Amino acid sequence: MPMKIQKTGSDTQLVVERIHHAKNYKLTLDCRLCVGCELCSLICPREAISVAKQPKKDGQKTQHPIIDVDEVKCHYCGICTAICPYGALHVTIDGNNIASVIEKESFPQLIREITVDATKCPTDCTECEEICPLDLIKVTSDPKTNKVTIEIKEEQCPTCRKCEIKCPEGLIRIRKIFTGKLTIRQEKCPTNCQDCLDVCPITDTLYLSEKDGKVYVNEIFCTYCGACKIVCPEEQALELSRSTIHHTPVRSGAWNKALEKLTSTTEMTKELRGKGRKKTMEAVKKRLEPRAK
Amino acid sequence: MVDEQPRVGVFVCHCGLNIAGVIDVKAVIEYARTLPDVVFTKDNRYTCADPGQDEIRKAIKEHRLNRVVVAACSPRMHEPTFRKTCAEADLNPFFFEMANIREFSSWCHPNTPKEATEKAKEIVRMAVAKARLLQPLKEIEVPVTNKALVIGGGIAGINSALDLAEMGFRVYLLEKTESIGGHMAQLDKTFPTLDCSICIEGPKMVDVGRHPNIDIISYADLVSVSGYVGNFKVKIRKNPRYVIHEDCTGCGECKEVCPIEYPNEWDMNMGVRKAISIPFEQAVPLVYTLNMDHCIECYKCIDACGARQAINFDQEPEEIELDVGAIIVATGFDIYLPYDDPLYGYGKYDNVITALEFERLILAAGPTGGKVIRASDGEKPHTVAFIQCVGSRNLKKFEYCSGFCCMYALKNAILLKEKYKRDVEVYVLYMDMRTPFKGYEEFYKRARDLGVTFIRGRASHIIEDPDKNNLVIRAEDMTLGQPIELPAEMVVLCTAAVPRSDAGEMARILNISRGTDGFFMESHPKLKPIDTPVDGVFVAGSCQAPKDIPYSVSQGSGAAARAATILSKKKWKIEPIVAEVNADLCKNTQAKCGICAQRCPYGSIEALEKQPAKVITAMCHGCGTCVAECPSDAITQNHFTDEQIFAQIASALEENPEGKILGFLCNWCCYAGADLAGTSRFEYPPLIRPVRVMCSGRVDKDFVLEAFRKGAGMVLIGACHLPYDCHYISGNARMKARMDVLAPMLEKLGLSPQRFKVEYVSAAEGLKFAELMKEMAAQLQELGPDKVKAENAKLKPILDRMLAKKTQKKPPQIIQKA
Ligand SMILES: Cc1cc2nc3c(=O)[nH]c(=O)nc-3n(C[C@H](O)[C@H](O)[C@H](O)COP(=O)(O)OP(=O)(O)OC[C@H]3O[C@@H](n4cnc5c(N)ncnc54)[C@H](O)[C@@H]3O)c2cc1C
Ligand code: SF4
Ligand code: SF4
């Protein structure tokens, strides 16, 4: 069979495929998990992913942006699956879940440091399960032994820390994947605009002030995914920067490039210096030179 | 040196019955005797045969002939032969002229012998008129670079390169892709012996790679070619592999760490390869290539390569220039993918594949490890049907037969039978089974003996059962004379071999022509099958027409031998029919002109300020464009001078001019097309009187004016197709620009527009030429002689004035003998 490239979609998923006579590559985007942030589109090496704002309907909340994948450009490297903090993307080769960039250590995996000490949980507490904005936590207790188990779908957890803060016993410890800074300059915000708040997947990160009716940030919960940045209609009203990304160690130009796009050139060089990668730095510098010119 | 009056000898050939069967040769001889300066006439059964040539040599000596006219076949066929004959009798070969009365008369007017004879007489008269004004010319000698360029590293190019290298010549083998090998390296087994393809080609590829006289320049493109036989300058762009050739050991460690897989075109995209990889294991040269389109720049490969440091992300394209004496084109074919024909469901039904895809499936090193399985379910098919002539022998697609499909279908049918025995049923749906050549018919029998079922008929439709993805072929069984339905679990389409997608570009760069089928044209279909119209450029293998491996190999070796005839010489003679500037007439000395320098397609004229223009003879190709363009008539083209052509015009229009079409036909396309009309025996009305020019660019406005002044019924300029077919790059375009101005002017002066035509006819369009002749004859008849005469009478005084300068020029020259 000649090679076939195809794209199919439904409300719940978007699938692009490259089908060879005896091999099949597939990328699936789970639309129920996708929050429409910018991370994957920022770093796709083939620029195959695009994010688009949804047209706003009168009287309705702003909808989160929509991700589209170009079936001709995608080459199934799996970089997007590695970066997605919400676990919305998957690449399979012949049906097996494989991100070849991770297998070959060309790209790191995000580290979600989540520790839960369920031994001390009171049997009737389900605070964490209730607070999780993404419904990722399931608390069960064995009525016989009174043993509590907490299951968290970690691969879909963006580490917002809401459960950690909420836990009355202080039994959850979370280290964020991304750190950074989110600033809103309320004086630039158009009146009555709350687009960012509408699309933020993590409740209470952004809130409406009763004083002036403008949106403010509570950075403690922010995952720095950037969905808000895409919908913000005003150029200088919202500023988002990431400074560190918690990830498994790799030595890879592709990661350096991604890091630069996700954070900034300075942050990237900081990470490289930390690793003492002289040669890589030289290579990066050389690559940047023509752009600087 | 003695000043001499022309003494013309006319030899009329019977060509067996080819000419004498239609034309009254005796009458032509009688008539020739009455022509001015003709002192000797003779007819021969075969003038080109030894006795015929002897007679010419003898007559030159005995009758002190200083001009020879042979009335026989096309000068494109035998002009060189008779020039040599003259030279052997110590007569300057450029004192020879040919009258083409076979292709232009006996063959195209078989049913009107009287008219054919009259036409032949007039063609002879035109030749004599030109011959009287011929001048002796000295052949020009140029030095030869004894290196060769072979373009295309398929099996044909490989053989050319190896043979030339073995003869001791330096060879550059230019290959577009990463590895040499061509289609043969994609095949599983080869007919009729079923040896493994890469096992027999691989060692040859290695020989090429190792040969001290061969430089493989792979992953590179031809940019331009200039110069001429013996002295070509070739520009090549080497594309960056991002791997340093000299440092890569071919270990493949980079490939192991690379995370990226992309479709392997070489595997017909049925398999994949890494972003840094080789297309197949036996690749030559064994150098990895990094595909920047897919690379994510993780630099894992750099780490893996380590101390060898063979990977360099900063590589840039590199342009190199080579000097070579001869060029062999062996760029092969492409395979037709029938996406555009809904009949077969290709690209729609998973279990319909092309034969080349099938080769990759059954090949042990292929993407399925040699298992013939269906794409829909990974299962082995129990019935496989081969459909022949997909695209080929189809008037709506490709008219020609692709030659090797019958044989490879037999091959694959046999392979299936031998591999899966009773487990598989094999059908071949064919129109005609073509198995000529050694061992091929026996191979056909072998397939039948193995139980392959052959059905004669053409498929009309394929449908798919969407559940099981099985197929049903609807066809007409010609033997039974009734429609049939043939169920099959896999269908293999034996699709046409088509010209390379970049063949047009290649033809343009090399200045060679292509036939209507798009494949490169040979100089002569029988006697010069490997030559092209460009001296020093040869073709080999499937780029000229589909050919199987043995044929391609023989042609590869043949082309090497042809190239060696040039490379082995220190000097090469080129025809002296070049342009010359008369410094006294050139106006560039007074005012800035330089039109000739601008218009010369080869940039071979230098017009420095305040100096007369100068032709760089070795670079001049002899198209004559500058001659026609020069506003001061300061340039002449040797052997095609204004006087000679005016004499031909006058002679052609001596009698009944209003009933005639005067044709200025370019040697390479329209004249050749007219020859083909003759060779193919297409009959048309005998009105045309041809004046052969090397290039339509030579056709001066004055020629057209003179023809009408002399009362011509119609004038035709026959050129090569625009934009790229011109043998001299752009002579046809120059002519067109010129005539686009002339035509409206003539019309304004009262000329019916249909009386002046510029037409583009290729060497392959014999039929088109014949149709054109019929159409023009009909138009001329419709106009009627009276109207033509009236128009001409009105035109004459104006044309007399316009041409006064030219027609009243110097009395006929007395020519010196060289
Ligand atoms: C399915 C199939 C099965 C076949 N089976 C058999 C068989 O069993 N036995 C048999 O005898 N024949 C078989 N043939 C025919 C065989 O493939 C051809 O005879 C053979 O490949 C012709 O060789 P070639 O060198 O003329 O052309 P090609 O093999 O096409 O090689 C041309 C080369 O030129 C290169 N090239 C092209 N364009 C350029 C350019 N612009 N610049 C530089 N390089 C260029 C190409 O990359 C290629 O390497 C089969 C063909 C098909 C399609
Ligand atoms: S740098 Fe490119 S070619 Fe090298 S290993 Fe990474 S993806 Fe492959
Ligand atoms: S225009 Fe033609 S004839 Fe004149 S110099 Fe150039 S190549 Fe020669």
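Residues numbered from 1 in each chain as written. Chains lettered and ligands numbered in written order. Predicted model: local features only at pLDDT ≥ 70, side-chain atom pairs only at ≥ 80, totals over all residues. Heavy atoms only, no water.

## Overview of the domain arrangement of chain A
Residues and elements named next belong to chain A. Along its sequence, chain A is carved into domain 1 (4-103), domain 2 (113-175) and domain 3 (178-250). Using only C-alpha atoms to locate each centre, domain 1 and domain 2 end up separated by 30 Å. Listed per partner, the contact involves four residues of domain 1 and five residues of domain 2. Both sides together, the interface formed by domain 1 and domain 2 hides about 350 Å², and carbon and sulfur atoms give 63% of it. The largest share of the area that domain 1 buries against domain 2 comes from L33, P85 and Y86, three residues that together contribute 80% of it. The tally of links from domain 1 across to domain 2 stands at zero salt bridges. For the pair domain 1 and domain 2, the interface holds zero residue pairs in polar contact (both at pLDDT 80 or more). Split into classes, the residues belonging to the side of domain 1 that touches domain 2 amount to three nonpolar, one polar and no charged. (Domains from an automatic or database assignment. Contact = heavy atoms within 4.5 Å. Buried area = accessible area lost by both parts, 1.4 Å probe. Salt bridge = Lys/Arg side-chain N within 4 Å of Asp/Glu carboxyl O. Polar contact = N/O pair within 3.5 Å; in protein donor to acceptor, adjacent residues only side chain to side chain. Nonpolar A, V, L, I, M, F, W, Y, C, P; charged D, E, K, R; others polar.)

## Comments concerning the site of ligand 2
Within the structure, ligand 2 sits among 14 residues, and C258, C295, C298, Y299 and C301 of chain B are positioned closest to it. Of the residues belonging to the shell around ligand 2, the class tally is twelve nonpolar, no polar and two charged. (Near = heavy atom within 4 Å.)

## Describing the sheet that holds strand β22 (residues 383-390) of chain B
All names here are of chain B. Strand order in the open sheet made by the five strands is β21-β28-β22-β23-β24, with parallel pairing throughout. Taken across any chain shown, the strands that pair with only one partner, and hence form the sheet edges, are β21 (352-354) and β24 (453-456). Across the sheet, the mean angle separating the axes of adjacent strands is 25° when strand polarity is ignored. On the sheet, helix α11 (residues 405-420) packs against β22, β23 (425-430), β24 and β28 (490-495) and is oriented at approximately 175° with respect to β22. (Pairing = 2+ DSSP bridges. Helix = DSSP H or I, 4+ residues; strand = E, 2+ residues; numbered from the N terminus. Axes fitted to C-alpha atoms, helices over the stretch in contact; angles between N-to-C directions.)

## Details of the interface of chain B and chain A
On the side of chain A, 28 residues touch chain B, which itself brings 35 residues to the contact. When chain B packs against chain A, the two sides together hide about 2600 Å² of surface, and 52% of this comes from carbon and sulfur. Of all residues in chain B, the largest losses of buried area upon contact with chain A belong to E261, I296 and K300 of chain B, amounting jointly to 20% of the total for that side. Scanning the region where chain B abuts chain A turns up four salt bridges. One salt bridge in this structure joins E297 of chain B and K257 of chain A, with 3.8 Å as the shortest N-O distance. Counting residues per element, the ones that place at least two in the side of chain B that touches chain A are α8 (253-257), β14 (261-263), β15 (272-274), α9 (300-305), β21 and α10 (355-362) of chain B. Per element, the largest residue contribution to the side of chain B that touches chain A is three residues, and it comes from β14 of chain B. Of the residues belonging to the side of chain B that touches chain A, the class tally is 18 nonpolar, five polar and twelve charged.

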